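Understanding the architecture of this molecule
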Amino acid sequence: MSVPQRRPYRCNTEKLQEPQQAALDHHLSSEYLGSTYVSLSKQHGTSLPLVFPSVAAEVNLQSMLALLNFGSSFRVPLHKATGRGAWDNVRALVLSLYLDDTSPSLLSARGMQGVGKEKVAELLRVNIYEERPHPSLPAVMVGELRGPMYEFVKRVVDVLNETGGILLEQGYTDLGSFVLEALKEAERVGRMNGNEPEASVVIERLVHAFPAFRDMTVVDSQPVYLFKKALFLLHTLSLRFSRLSPSPIPLPRTEELPAFVDNVLPSMLVHLGVISLSEARDARLRTAFGEIDSATLLELPASDDRGRAEEESSLAPKPGPTLTPSQVASLRAASITALDAFASRAHVLKLDLNGAGSGGATAVGLDGWLWSAAKKREDWRA
């Protein structure tokens, strides 16, 4: 399998339907986007209050954050159990894995391979047992491993065990050492071609080696490549280490990568009128998001909503529509195309959202902007 190559501004916005093109132009000209793009486009929620003993240790932790970046379908029960959403629980878990004094380290390949459900549940501070009446003893309750928290913990443990086993088979001490080697290979390939380190080399190695990074499927007989976690990892490493001069690790350019789409971006793009579900085959989806005036979502908020939004985040979110895997893949793929269209249209219009002539919007920048704004603004979070 070869990872598809990416070209900058590959989306032909002339082929967009008139309502979608009008929506793009409307959003790109909004005061809210223009005034917040710089501050929000590079926020992806990966900063943790840690001091690392080495660059390799930090790369390993960032790699683990990307590996475990899943679980949005569990956001409602996770909120009920912990008061936090899926991503905040993943961050808390990785922080706990890092600080735990178990030997071998739970962030090492051997520690990942051997960690069990009870330990992960303890670190997440969730109960993976649900009580039920004893089948033959009246008034007696028994605990049984089941329920949404058990399912979430089981998925986390399965990914850790599987990835740790693969790393040990291939002779790596942890996931970070695999990623560092892939980055060096990307640098060699880029140098041979007269280029900077090739992002596709790292993505291809991750996707080939680990099922947890193999984010792809088939919809209507067409392959759909999403690779959210691999793209996310590359971009977070770039954001972190490009601040240092020189960078201690080889860094591919990530500005021209596709967006790394989760559940937040499709929801926001539907609400903003960029993705239309009016012709969805499943009639439920045509009204699943309700009627909304997308223009009001682009107005500047009366004040900074951060405090209220963080306060609201402790409230359990309302569950969204239940989708099939094909529907999920279609919405996520549509979001990748939509953010490509955003970046392409900004390029055509010569919009300099970064200011000072430093360039316009990119798909990954708009990804960060939408994701961060959806967390920051009370009206968007709702």
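Structure first, text after, so check above.
Described below are features of the structure shown in this document. On a predicted model such as this, the values are computed, not experimentally measured, just so you know.

Moving on to the packing of aromatic side chains. All told, the structure shown has 12 aromatic pairs when counted by the stated rule. Considering the side-chain rings of Phe52 and Tyr98, the 5.6 Å spacing of their centres and the 65° angle between planes classify their relative orientation as edge-to-face. With Phe52 in the loop between α2 (31–40) and α3 (55–67) and Tyr98 in helix α5 (residues 86–99), this pair connects stretches of sequence that are 46 residues apart. With 5.2 Å between their ring centres and 70° between their planes, Tyr172 and Phe178 make a pair best called edge-to-face. Both residues of the pair, Tyr172 and Phe178, count as buried. Among the aromatic residues, ring-to-ring pairing joins Tyr172, Phe178, Phe210 and Phe213 into one connected group. The ring of Phe178 carries the charged tip of Arg205 above its face, separated from the ring centre by 4.7 Å.

Below, the discussion takes up the environment of Leu160. Relative to the elements of secondary structure, Leu160 occurs in helix α8 (residues 148–169). Taking the C-alpha atoms as reference, Leu160 lies 9.3 Å from Leu106; in sequence the two are 54 residues apart. Those residues in contact with Leu160, other than ones at most four positions away along the chain, are Met64, Leu67, Leu68, Met112, Gln113, Val115 and Val120.

With an omega of 0°, the peptide bond running from Ser103 to Pro104 counts as cis. Looking at where Pro104 falls in the secondary structure, it is placed in the loop between α5 and α6 (109–114). Of the consecutive residues Ser245 and Pro246, the connecting peptide bond is found in the cis state with omega at 0°. Among the structural elements, Pro246 can be located in the loop between α11 (228–241) and α12 (264–271). Positive phi, normally seen in glycine, also occurs at Ser221, with a value near 70°. On the secondary structure map, Ser221 appears in the loop between β3 (216–219) and β4 (222–225). With phi around 50°, Phe227 is a residue other than glycine that occupies positive phi space. The residue Phe227 is located in the loop between β4 and α11 in this model. Using a relative accessible area of 5% as the deciding quantity, one classes Phe227 as buried.

What counts and how
Residues numbered from 1 in each chain as written. Predicted model: local features only at pLDDT ≥ 70, side-chain atom pairs only at ≥ 80, totals over all residues. Heavy atoms only, no water. Phe/Tyr/Trp six-rings, centres within 6.5 Å; stacked < 30°, edge-to-face > 60°. Helix = DSSP H or I, 4+ residues; strand = E, 2+ residues; numbered from the N terminus. Buried < 20%, exposed > 50% of the residue type's maximum accessible area, 1.4 Å probe, protein only. Lys NZ or Arg CZ within 6 Å of the ring centre and 35° of its normal. Contact = heavy atoms within 4.5 Å.

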